[in-house]
Amino acid sequence: MTPDFETQLRAVSLRVTRPRLAVLSVLRDHPHVDTDTVIALVRADQPTVSHQAVYDVLRALTDAGLVRRIRPAGATARYESRVGDNHHHVVCRSCGAIADVDCAVGDAPCLTASDDHGFVVDEAEVVYWGTCPGCATERTSQQSAGSEGNR
C-alpha cells in the first residue's frame, strides 16, 4: 500500500515522509481513531516520531483532503482515511464505537437541503446515535441478571 500512499501524497503536492506514510497506514487499518491512538500506533512502529509531528501530519493530511476529521457531539475528534464520498457515521452512546454509514439513497442525497437559505452546500454531516451490538448484548445480559436477582 505504500506506493498508493506515496501517489496520494504527491497528487496533493505533499512530500512523502515516513510520518505521513505511517499516519496514512494507521488510519487505513484503524478508522475512527482519536489523536492519542494515532500517536501510539505510529510510535509503536516509529518510536522517534514526536507527538507534534503526528499533530502536524494529521493537520496537513486533513487540509489536503486525504484524511477526514470527524467530531461527534461530546466526543473527541476522530480521523479516518475514507474521504470524498460524503458518508455518515453511527456512534454508540455507551462505548463510543463508530461505524461508517453510506448515504441512504443514491448519490449523496443529503446534499439537497430542504431549504439551503442561499448557501452553496458542498458537504452534509449526519450522525446516527444508538447502541452498538456489543453494548446492547451486555445491557441485555445485565438486565437478565438483575431480574434473576430480584426473584
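Residues numbered from 1 in each chain as written. Predicted model: local features only at pLDDT ≥ 70, side-chain atom pairs only at ≥ 80, totals over all residues. Heavy atoms only, no water.

### Concerning the sheet that holds strand E1 (residues 33-34)
At step 1: If you trace the three strands from one edge of the open sheet to the other, you get E1-E3-E2, paired in antiparallel fashion. Of all the strands in the sheet, the pair left with one neighbour each is E1 and strand E2 (68-70).
At step 2: Direction of pairing for E1 relative to strand E3 (residues 78-80): antiparallel, over a ladder of two bridges. When the sheet's bridge partners are listed, Val-33 is paired in E3 with Tyr-79. (Pairing = 2+ DSSP bridges. Helix = DSSP H or I, 4+ residues; strand = E, 2+ residues; numbered from the N terminus.)

### Thoughts on the layout of surface pockets
At step 1: The computed volume of the largest pocket comes to approximately 200 Å³.
At step 2: Partitioning the lining of the largest pocket into residue classes produces three nonpolar, four polar and five charged. (1 Å grid on protein atoms, 1.4 Å probe; cavity = no way out; pocket = protein on both sides within 12 Å on 5 of 7 lines; lining within 4 Å. Points joined across faces, edges and corners; volume = space filled by probe spheres on them. Nonpolar A, V, L, I, M, F, W, Y, C, P; charged D, E, K, R; others polar.)

### Observations regarding the sheet that holds strand E4 (residues 88-92)
At step 1: Spatially, three strands are ordered E5-E4-E6 in an open sheet, and the strand pairing comes out mixed. A strand with exactly one partner marks an edge of an open sheet, and here the two such strands are strand E5 (98-101) and strand E6 (127-130). For this sheet the average axis-to-axis angle between neighbouring strands, irrespective of direction, equals 25°. (Axes fitted to C-alpha atoms, helices over the stretch in contact; angles between N-to-C directions.)

### Quick word on the pairing of E4
At step 1: Where burial is concerned, most of E4 is hidden: four out of the five residues are buried.
At step 2: Alignment of E4 against E5, held across four bridges, turns out to be antiparallel. Counterpart to His-89 in the pairing with E5 is Asp-100.
At step 3: The turn joining E4 and E5, which pair antiparallel and follow one another in sequence, is formed by five residues; a positive phi near 85° is taken by Gly-96.
At step 4: In this structure, E4 lies alongside E6, joined through four bridges in parallel fashion. What sits directly across from Val-91, in E6, is Trp-129. (Buried < 20%, exposed > 50% of the residue type's maximum accessible area, 1.4 Å probe, protein only.)

### Some points on the side chain of His-87
At step 1: Positionally, His-87 belongs in the loop between E3 and E4.
At step 2: A relative accessible area of 1% means that His-87 is categorised as buried.
At step 3: For His-87, the side chain forms a polar contact with the side chain of His-89, separated by 3.3 Å.
At step 4: A polar contact is formed between the side chain of His-87 and the side chain of Asp-100, at a distance of 3.2 Å.
At step 5: The contacts of His-87, once residues within four sequence positions are left out, are Arg-68, Glu-80, Arg-82, Asp-100, Val-101 and Asp-102. (Polar contact = N/O pair within 3.5 Å; in protein donor to acceptor, adjacent residues only side chain to side chain. Contact = heavy atoms within 4.5 Å.)

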